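Inside the fold
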There are 4 protein chains.
Amino acid sequence: MTLSDAQKREIDEARQGHAATLRPTVAALEDILFQPIPLLDHGFIRVIDYMGDDNAVVQAARVSYGRGTKKVSEDRGLIHYLMRHWHTTPFEMAEIKVHVKLPIFVARQWIRHRTASVNEYSARYSVLDREFYLPDEAQLKAQAVTNRQGRGDGLEPQEAAQVLDLLRGDAEQTYANYAWMLNEDQEGAKVDPNRDGLARELARINLTLGTYTQWYWKTNLHNLLHFLRLRADPHAQYEIRVYAEALVDVLARWVPLTHEAFLEHRLGSVTLSASAVKTIRRLLAGEKIGQTESGLSPREWREVMTALDQPI
Amino acid sequence: MTLSDAQKREIDEARQGHAATLRPTVAALEDILFQPIPLLDHGFIRVIDYMGDDNAVVQAARVSYGRGTKKVSEDRGLIHYLMRHWHTTPFEMAEIKVHVKLPIFVARQWIRHRTASVNEYSARYSVLDREFYLPDEAQLKAQAVTNRQGRGDGLEPQEAAQVLDLLRGDAEQTYANYAWMLNEDQEGAKVDPNRDGLARELARINLTLGTYTQWYWKTNLHNLLHFLRLRADPHAQYEIRVYAEALVDVLARWVPLTHEAFLEHRLGSVTLSASAVKTIRRLLAGEKIGQTESGLSPREWREVMTALDQPI
Amino acid sequence: MTLSDAQKREIDEARQGHAATLRPTVAALEDILFQPIPLLDHGFIRVIDYMGDDNAVVQAARVSYGRGTKKVSEDRGLIHYLMRHWHTTPFEMAEIKVHVKLPIFVARQWIRHRTASVNEYSARYSVLDREFYLPDEAQLKAQAVTNRQGRGDGLEPQEAAQVLDLLRGDAEQTYANYAWMLNEDQEGAKVDPNRDGLARELARINLTLGTYTQWYWKTNLHNLLHFLRLRADPHAQYEIRVYAEALVDVLARWVPLTHEAFLEHRLGSVTLSASAVKTIRRLLAGEKIGQTESGLSPREWREVMTALDQPI
Amino acid sequence: MTLSDAQKREIDEARQGHAATLRPTVAALEDILFQPIPLLDHGFIRVIDYMGDDNAVVQAARVSYGRGTKKVSEDRGLIHYLMRHWHTTPFEMAEIKVHVKLPIFVARQWIRHRTASVNEYSARYSVLDREFYLPDEAQLKAQAVTNRQGRGDGLEPQEAAQVLDLLRGDAEQTYANYAWMLNEDQEGAKVDPNRDGLARELARINLTLGTYTQWYWKTNLHNLLHFLRLRADPHAQYEIRVYAEALVDVLARWVPLTHEAFLEHRLGSVTLSASAVKTIRRLLAGEKIGQTESGLSPREWREVMTALDQPI
């Protein structure tokens, strides 16, 4: 991760600036506010601001109960109940904003989550830094065979080395040519006074999808959970999963009860189709049935049996 | 406005609870946090939480400029620039949450703004309070003649009195019958032990659209401005405009620069159609033209000339 | 249901107007296009327009597979796969528009689904018809005891009759007073020339929540399924469930494969929490465990065991 | 533009498939349905499906007027009125779906419009074609001086030639290395049997932002107009503007009245701030004032005076 000295100073200063507020605060989240969590080779996530906590969820749920609220079960049970029964609107009542540095191909997956606010560094206005993602050797894998997307086994060391050389070489060369086409130094002055230099919005098209960009990303707790359910999943591409997992840790600091309910009712849950429900009923009744008798497709059978620790 | 003693105590307690935070705080908004602003006869708005300030807008805009940011114009100019050129995404970076008590017919207009989060008091779970909106006599007006929606001149005192009697009488009677059908006291016990009482979700259909409800409403600054542009407008129905105007005052406390730019480039602005632009050019060139020569419809001509202080 | 003669003629005319199109068409849906499906006492749903069919979902899913598409499994399997794995974006590629007449309290629940387009009959511009919802006697039930929202057992005939009398009486009286305050006849002329009449936007606040309104509602297939999952559920209030169930039938005509997959993987599915998964594993392994040993809350235990046909 | 023979056959077949429908159809749009409109060097837009026409807007607006509709002005005036007064919801009642082939850097701008449905070709599942955007020499321009984003004057021929050589060379080399890393032929078999080949989701990060991708994009008329207002604007980057302008032509075929009103009240309109309104009033009253007296910033003064054909 590359933070300039100026950025580090800015963060240190921001962390001096305690103020008093009547709003709910979360000490465990204040502890890491503004500070970058390093991810991949040059990326990071920094929590920049937040609004609300577990209690904001509870408070919103209880406005629905009105007078009835007095008797209602305690917070933990209520949050589990809301999560389990997909009463999702109370989770919209808390909000978080993060500053993220990430490779462009990760940004392209991330932005598909539409219910969030984003301001991205603009390569029309500014020059992108010379930073590009190069996978760890351990991450260089072949196309998966069973799974039509995703990765399978690791490459042999020699092929891995060749791949890394190509990725690094092309990233360096395309960046060098980008810089040459721009023809401007750090202060925006011409390097070669005899050339005009190409407009930034065009020069950037020479960069590869591994180039780092950055953005401010703001979303509510409900949409964050939806993002995490899809992107902290083993089927998500490794490089975005790394970000999602860091955000799951942020979640644990920010809203510990919601975090617990999320693991219980989302990440660790299993949904059975109507046919799978019938199958489980028959198995629980002691019937011996295999995939054919179950009526499930081979793939669904395999997934359900694996989830329930049954022989396939 | 009717706040129970319990609610008042809760607000007082919440206003004791100062905590330290690293987040940006806005003193002028903290001053009124949690406190109800009375509206209409029983309604209110209370700011419950917020995230960010004018600087959150600036910060998000500048991430786009990257290195270029150092030289950029100061905050006020930047916010005006963003507002004028409809660069709206930076305004999504601040968030506010309010608790609102409002008549159901106002809630029905309000909820049409979809990009917000809402948790409403549920009349399926709980019993609605005996509170209904009765207009001030000054608000009792006839249907507008020029404008097919909206109100025109005030009613004569006698008709106004009759109208108020009807509104009050029907509200009281329908509420009394609602209560009779529910057959439950404050603690939920049966009033008449020989009747079952009707389910709440059904009994409520007897209430009128003037009955008060309440909700938590959370939205970002951009969507708040959009709401205010439409609902603080003179064409909006008086009863929702009252709420919008109270929120414009909240805006002035919370984000004074954005508030100023909003008055300048939204509330006080005038949009000229392509044909109106041509008309103004001809007028500025000294041509004497009327509606017929302008090519504008009579209605658009009237609106444009009025906005520009010209004879119609 | 009340359709005026003018409306009936309009529908008949619209159903004459066959045109040729290159777009995908669905014969089973064309068969009922424009025709009202009666619901409750005065309500209806009419399909007004649609775009796409099951194949639009398949086509969109396959653009993702690119060259790989040639080998991909057939449509039915693909749609089931998408539904089961929450690959929801292809379901956004089909769209439907319906005209709905519904009581205002149902409209208030319906509108909470934000990702749809709505144009509602405006009681600021126009006078509402004298139509209000009166439940069938069979629907008049007491508040549920186990379930804090919803209905329990039916009322005794005498209480039911009293309730119906009250509902009818208040609806008729509030409407009559609404009409008196408006002081306008069908053509908009004054009934009593000596009174101004109250503006429509104010007079309507005297109407009850059982009054019928109507709107055009347009949504994509994905959001329709989400709506149906929540509103065709037994926990939804009866009056909106009636509409949802009619839309499930429309779904079966329009996109039969998606309809089948929706019943299998949404309406008929059961989601097990992480703890419930562990419990089922132990039960399948032959362990005898009760609620206490399971670690599930009594409520979750009851729900899971019921779903799987196990003794509670 | 590169359409495979298979794709051309598919389009020809689709264009044979006339069916009868009761839905509104638009002959001028049916004429070009499915057929690619070539854009840039390899891109295109094809209209794939649509729902509704100008009349869908009118119909939705009139449901609001209810009984009142009989007297209402004719369709053209109504659509102009809706557009001018930002009554936007009726424009949500028509929908369009297009298939777009576009460079990745254009896709990154396009996807910022969140209220649309998208299914993109997945480079995790499939291999991207060897197609990348190379600007026409006429488009190779220097960074703009007055405008901090965007392009200024054209490059000298020699520099332009150097730039094109670099862009082409890097695109070809990074694609060749992408193909080498994948190590698979058209049928997915290994080219070099001694290497595993890198997973597609990783190999693609070597491609540049000029590489073409494709997607299905579906949006409603309101959101399409919003997209066009921003992207058919002279400040938009040339490469996305080309797509927006093609869509403006599609708009003219599909909804000619809406297209006309859009040019009049959006693309050709000018919004005056509160201060600019005051300035115009003074100018119309014959006062001679310059920028300083106007209270406008130099930039806003210049923009307003230019728009109104006044000396700066």
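Residues numbered from 1 in each chain as written. Chains lettered and ligands numbered in written order. Predicted model: local features only at pLDDT ≥ 70, side-chain atom pairs only at ≥ 80, totals over all residues.

From N to C terminus, chain A includes 13 helices and 9 strands. Computed over C-alpha atoms, the radius of gyration of chain A comes to 24 Å, more than 25% over the 20 Å expected from 2.2 N^0.38 for 312 residues, which places it beyond the range of a compact globule. Counting only C-alpha atoms and orienting by the principal axes, one finds that chain A spans roughly 85 × 55 × 30 Å. When the 312 residues of chain A are sorted by exposure, 45% land in the buried category. In chain A, once contacts between residues fewer than 6 apart in sequence are set aside, the share between residues at least 24 apart is 68%. (Helix = DSSP H or I, 4+ residues; strand = E, 2+ residues; numbered from the N terminus. Rg over C-alpha atoms; globule rule 2.2 N^0.38 Å. Buried ≥ 20, exposed ≤ 12 C-beta atoms within 10 Å, placed from the backbone. Contact = placed C-beta atoms within 7 Å.)

Counting residues at the interface gives 44 residues for chain D, matched by 43 residues for chain A. Sorting the residues of the side of chain D that touches chain A by element identifies β6 (141-143), α6 (157-182) and α7 (200-203) of chain D as the ones contributing at least two each. In terms of residue count, α6 of chain D provides more of the side of chain D that touches chain A than any other element does, 9 residues in total. Per-class residue counts for the side of chain D that touches chain A are 20 nonpolar, 11 polar and 13 charged. (Nonpolar A, V, L, I, M, F, W, Y, C, P; charged D, E, K, R; others polar.)

Our next topic: the relation of the copies chain C and chain D. Between the two copies of the chain lies a relationship made up of a rotation around an axis and a movement along it. With an RMSD of 0.0 Å, the operation that places chain C on chain D is a rotation of 180 degrees combined with a shift of 0.0 Å along the axis. Within this description, the copies of the chain are treated as partners about a two-fold rotation axis. The position closest to the rotation axis in chain C is occupied by the C-alpha of Ala20 of chain C, lying 2.3 Å away. Of all interface residues in chain C, 100% are interface residues in chain D too; the two copies therefore contact each other through one and the same surface. (Least-squares fit on C-alpha atoms with pLDDT ≥ 70 in both.)

Let's shift gears to the sheet that holds strand β4 (residues 95-103) of chain D. All names here are of chain D. An order of β2-β3-β4-β8-β5 is seen for the 5 strands of this open sheet, with the pairing classed as antiparallel. In this open sheet, the two edge strands, each paired with only one partner strand, are β2 (37-39) and β5 (117-120). With direction set aside, neighbouring strand axes in the sheet form an average angle of 20 degrees. Pairing between strand β3 (residues 43-51) and β4: 7 bridges, direction antiparallel. (Pairing = 2+ DSSP bridges. Axes fitted to C-alpha atoms, helices over the stretch in contact; angles between N-to-C directions.)

Of the residues lining the interface, 44 residues belong to chain C; the matching set on chain D comes to 44 residues. Looking at the side of chain C that touches chain D, the elements with two or more residues in it are β1 (19-21), β3 (43-51), α3 (54-65), β4 (95-103), β5 (117-120) and β8 (212-220) of chain C. For the side of chain C that touches chain D, the residue count by class is 19 nonpolar, 15 polar and 10 charged. Here β1 of chain C pairs with strand β1 (residues 19-21) of chain D via 3 bridges, running antiparallel.

Before going further, it helps to examine the domain arrangement of chain A. Taken domain by domain, chain A holds domain 1 (1-128 + 211-269), domain 2 (134-209) and domain 3 (274-307). Averaged C-alpha coordinates put domain 1 of chain A and domain 3 of chain A at centres separated by 37 Å. (Domains from an automatic or database assignment.)

Another aspect to go through is the environment of Asn206 of chain A. With respect to the helices and strands, the residue Asn206 of chain A is situated in the loop between α7 (200-203) and β8 (212-220). Sequence-distant contacts of Asn206 of chain A, that is, excluding residues within four places in its chain, are made with Thr174, Asn177, Tyr178 and Met181 of chain A together with Leu166, Leu167, Asp170 and Thr208 of chain D.

Mapping chain D onto chain A is achieved by rotating through 180 degrees and translating by 0.0 Å along the same axis, at an RMSD of 0.0 Å. When the interface residues of chain D are mapped onto chain A, 98% of them again fall at the interface, so both copies present the same face.

Residues and elements named next belong to chain A. When pLDDT is averaged along chain A, the result is 93; 95% of the residues meet or exceed 70. This model gives residues 67-72 a pLDDT under 50, and the stretch forms 9 contacts once residues within four places in sequence are excluded. Overall fold confidence (pTM) sits at 0.96, and the ipTM for the predicted complex is 0.94. (pLDDT = per-residue confidence, 0-100.)

Moving on, we come to the sheet that holds strand β8 (residues 212-220) of chain B. All names here are of chain B. What the 5 strands build is an open sheet, ordered β2-β3-β4-β8-β5; its pairing is antiparallel. Looking at which strands have only one partner, the edges of the open sheet turn out to be β2 (37-39) and β5 (117-120). Put simply, the sheet's adjacent strands are angled 20 degrees from each other on average, direction ignored. In terms of strand pairing, β2 meets strand β3 (residues 43-51) through 3 bridges, oriented antiparallel.

The subject of this paragraph is helix α6 (residues 157-182) of chain C. Look at α6 of chain C: 37 Å from first C-alpha to last across 26 residues, which is about the 38 Å you get at 1.5 Å a residue. Note on α6 of chain C: the residue one or two positions beyond its end, Asn183 of chain C, has a positive phi of about 55 degrees. (Expected span 1.5 Å × (residues − 1).)

This paragraph deals with unusual backbone geometry. The phi torsion at Trp86 of chain A lies on the positive side, around 55 degrees, for a residue other than glycine. Mapped onto the fold, Trp86 of chain A is located in the loop between α4 (75-84) and β4 (95-103). Judged by C-beta crowding, with 12 C-beta atoms within 10 Å, Trp86 of chain A ranks as exposed. Of note in the backbone geometry, Leu40 of chain C takes a positive phi value of approximately 50 degrees without being a glycine. Within the secondary structure, Leu40 of chain C sits in the loop between β2 (37-39) and β3.

Residues and elements named next belong to chain B. Between helix α8 (residues 221-231) and helix α10 (residues 256-267), the shortest axis-to-axis distance is 11 Å and the interhelical angle comes to 45 degrees. With respect to each other, α8 and α10 are oriented oblique. Relative to α10, α8 is oriented so that their crossing is right-handed. Mapping the contact onto sequence places Leu221, Leu225 and Arg229 in α8 and Thr258, Phe262, Arg266 and Leu267 in α10. (Parallel < 35°, antiparallel > 145°, perpendicular 65-115°, else oblique. Left-handed = near helix turned anticlockwise from the far one by under 90°.)

All right, on to the pairing of β8 of chain B then. Residue and element names in this part refer to chain B. With 9 of 9 residues buried, β8 is to be regarded as a mostly interior element. Side chains Tyr212, Gln214, Tyr216, Lys218 and Asn220 project from β8 onto one buried face, and the interleaved Thr213, Trp215, Trp217 and Thr219 project onto a second face that is buried too. As judged from the 9 bridges shared by strand β4 (residues 95-103) and β8, these two strands associate in the antiparallel manner. Note on β8: the bridge partner recorded for His99 is Tyr216. The pairing of β5 with β8 spans 4 bridges and is classified as antiparallel. Bridged to Val118 within β8 is Trp217.

A separate point is the environment of Glu156 of chain C. Residues and elements named next belong to chain C. Looking at the secondary structure, you find Glu156 in the loop between β7 (151-154) and α6. Take Glu156: there are 14 C-beta atoms within 10 Å of it, and that puts it in the partly exposed class. Spatially, the C-alpha atom of Glu156 lies 42 Å from that of Glu293, the residues being 137 residues apart in sequence.

Turning next to the environment of Pro311 of chain A. Tracing the sequence through the fold places Pro311 of chain A in the segment after α13 (298-307). Along the sequence, Pro311 of chain A and Val100 of chain A sit 211 residues apart, while their C-alpha atoms lie 43 Å from each other.

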